[in-house]
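Reading the structure
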Amino acid sequence: MEETNILVVDDEKEIADLLEIYLISDGFQVLKAYSAKEGLRILEEKKIDLVLLDVMMPDMDGIAMCRRIRETNNIPIIMVSAKTQDIDKIVGLSTGADDYVAKPFNPLELMARVKSQLRRYRELNPSKPHERQEVISLKHLEINKVTHQVVCYGESIKLTPIEFDILYLLASNPGRVFGTDEIFERVWHEKFYEANNTVMVHIRRLRGKMKDDTREDKIITTVWGVGYKIEA
């Protein structure tokens, strides 16, 4: 079986070492960086499958590093931060992170989130090129589930695994309205809890990549007070 390499970026050595222990016990290979610049260098030199990224670091914080990663790389990013306010989570997710876990974290929950993100990423980026093509073609939108390619208004766009899952859910059920709670439970496979802004942030980011906000004929339609849908 191919090794799975996890990059841990945290300026607190004790936290990085603790994460390494949990990850190794679950069979992962671990690379550690104690600054964002060191982490970016490792990403250039090594094949990394997922990044666990602290937010508060000197020289370059996790938000800036996340933006840099997303310029060239679509691998899952989980932010692990002592900043627990909703606005901090929204900023992290808006930057391109796939998930956000607050310190102090539950090790079992964090490992479950790591495995969930890896599973989703691998499902959307299969290593077998001969697999059957599964394509959804709607007005101005084409989605290939196997190759993870999305074409919107004739332009290819790059999505994170979470963004792709949300878009695929809506597009595979044209005309149906999904509430934020159902989107969350079906994409994240977790129970929705009140005042969760996660779905809203990812929808906003998804619309930005599709340039939906600047078009009259939008791909994703908001049904106020109910949820979101994509028309056939």
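Residues numbered from 1 in each chain as written. Predicted model: local features only at pLDDT ≥ 70, side-chain atom pairs only at ≥ 80, totals over all residues. Heavy atoms only, no water.

1. With respect to the side chain of Arg70
Rules: To qualify as a helix, a DSSP run of H or I must reach at least 4 residues; to qualify as a strand, a run of E must reach at least 2; elements of each kind are numbered from the N terminus. Partly exposed residues are those whose accessible area sits between 20% and 50% of the maximum for their type, while under 20% is buried and over 50% is exposed, using a 1.4 Å probe and protein chains only. Pairs of N or O atoms are called polar contacts if they sit within 3.5 Å, as long as, within protein, a hydrogen donor faces a hydrogen acceptor (for residues adjacent in sequence, only side-chain-to-side-chain pairs). Only heavy atoms enter the contact rule, under which two residues are in contact if any of them lie within 4.5 Å.
In this fold, Arg70 is placed in helix α3 (residues 62–72). When its relative accessible area of 17% is taken as the criterion, Arg70 is described as buried. There is a polar contact of 2.9 Å between the side chain of Arg70 and the backbone oxygen of Gly96. Among the polar contacts made by the side chain of Arg70, one reaches the side chain of Asp98 at a distance of 2.9 Å. In contact with Arg70, not counting residues within four places along its chain, are Ile75, Pro76, Ile77, Thr95, Gly96, Asp98 and Thr160.

2. Observations regarding the packing of aromatic side chains
How two aromatic rings sit relative to each other is given by the distance of their centres and the angle of their planes. Put simply, the test is: The pairing test for Phe, Tyr and Trp rings, Trp by its six-membered ring, is centres within 6.5 Å, and the orientation test on the planes gives stacked under 30 degrees, edge-to-face over 60, and tilted for anything in between. Any Lys NZ or Arg CZ found within 6 Å of a ring centre and within 35 degrees of that ring's normal is scored as a charge over the ring.
Here the structure, examined in full by the defined rule, presents two aromatic pairs. Consider the rings of Phe164 and Tyr168, whose centres lie 6.1 Å apart with planes at 15°: the pair is stacked. Of this pair, Phe164 and Tyr168 both sit in helix α6 (residues 161–171), four residues apart, which is roughly one turn of the helix. Residue classification places Phe164 among the buried positions, given a relative accessible area of 1%. Ring plane angle 15° and centroid distance 5.0 Å describe the contact between Phe184 and Trp188, whose orientation is recorded as stacked. In this pair, Phe184 and Trp188 both sit in helix α7 (residues 180–188), four residues apart, roughly one turn of the helix. Just as Phe184 is buried, Trp188 falls in that class too. Of note, Arg215 hangs over the ring of Tyr153, and the distance from its end group to the ring centre comes to 3.9 Å.

3. A few points about the sheet that holds strand β8 (residues 149–152)
The condition is simple: Only when DSSP finds a minimum of two bridges between them are two strands counted as paired. Fitted lines through C-alpha atoms give the axes, limited to the stretch in contact for helices. The angle between two N-to-C directions lies from 0 to 180 degrees.
The strand order across the open sheet formed by four strands is β6-β7-β8-β9, and the pairing between neighbours is antiparallel. Edge positions in the sheet fall to β6 (135–138) and β9 (155–157), since each has one partner strand and no second. Direction aside, the axes of adjacent strands within the sheet are offset by 15° on average. Both β8 and β9 contribute to a ladder of three bridges, which runs antiparallel. Directly across from Val150, in β9, lies its bridge partner Ile157. Sheet strands in contact with α6 are β6, β7 (141–144) and β8, and its direction is about 115° off that of β7.

4. Let's talk about the domain arrangement of the protein
Threshold: Start and end positions for the domains come from either an automated domain assignment or a database one. A quick way to say it: buried area is the sum, across both parts, of accessible area lost when two parts are put together, with a 1.4 Å probe. Take a side-chain nitrogen of Lys or Arg and a carboxyl oxygen of Asp or Glu: if they are within 4 Å of each other, that pair is a salt bridge. Side-chain classes follow a simple rule in which Ala, Val, Leu, Ile, Met, Phe, Trp, Tyr, Cys and Pro form the nonpolar group, Asp, Glu, Lys and Arg form the charged group, and the remainder, Gly included, forms the polar group.
Domain assignment breaks the protein into domain 1 (5–124) and domain 2 (135–230). When each unit is reduced to the centre of its C-alpha atoms, the spacing between domain 1 and domain 2 is 24 Å. Contacts between the two partners involve 17 residues from domain 1, matched on the other side by 23 residues from domain 2. Summed over both partners, the interface of domain 1 with domain 2 comes to about 1,600 Å²; 48% of that surface belongs to carbon and sulfur atoms. There are one salt bridge connecting domain 1 and domain 2. In this structure, the salt-bridge partner of Arg120 is Asp165, at a minimum N-O distance of 2.4 Å. Along the contact surface separating domain 1 from domain 2 lie five residue pairs in polar contact (both at pLDDT 80 or more). Counting residues per element, the ones that place at least two in the side of domain 1 that touches domain 2 are α4 (86–95) and α5 (107–124). Residue composition of the side of domain 1 that touches domain 2, grouped by class: five nonpolar, five polar and seven charged.

5. What to know about the packing of α7 against helix α8 (residues 198–210)
Where we set the bar: Relative orientations are named as follows: roughly parallel for angles under 35 degrees, roughly antiparallel for angles over 145 degrees, roughly perpendicular for angles from 65 to 115 degrees, and oblique for any other angle.
Two elements in contact, α7 and α8, have axes whose closest approach is 9 Å; the angle formed by their N-to-C orientations is 85°. Of the possible angle classes, the one that applies to α7 and α8 is roughly perpendicular. Residues Thr180, Ile183, Phe184 and Trp188 of α7 touch α8, and the partners they reach there are Thr198, Val199 and His202. In terms of residue class, the contact of α7 with α8 is built from four nonpolar, three polar and no charged.

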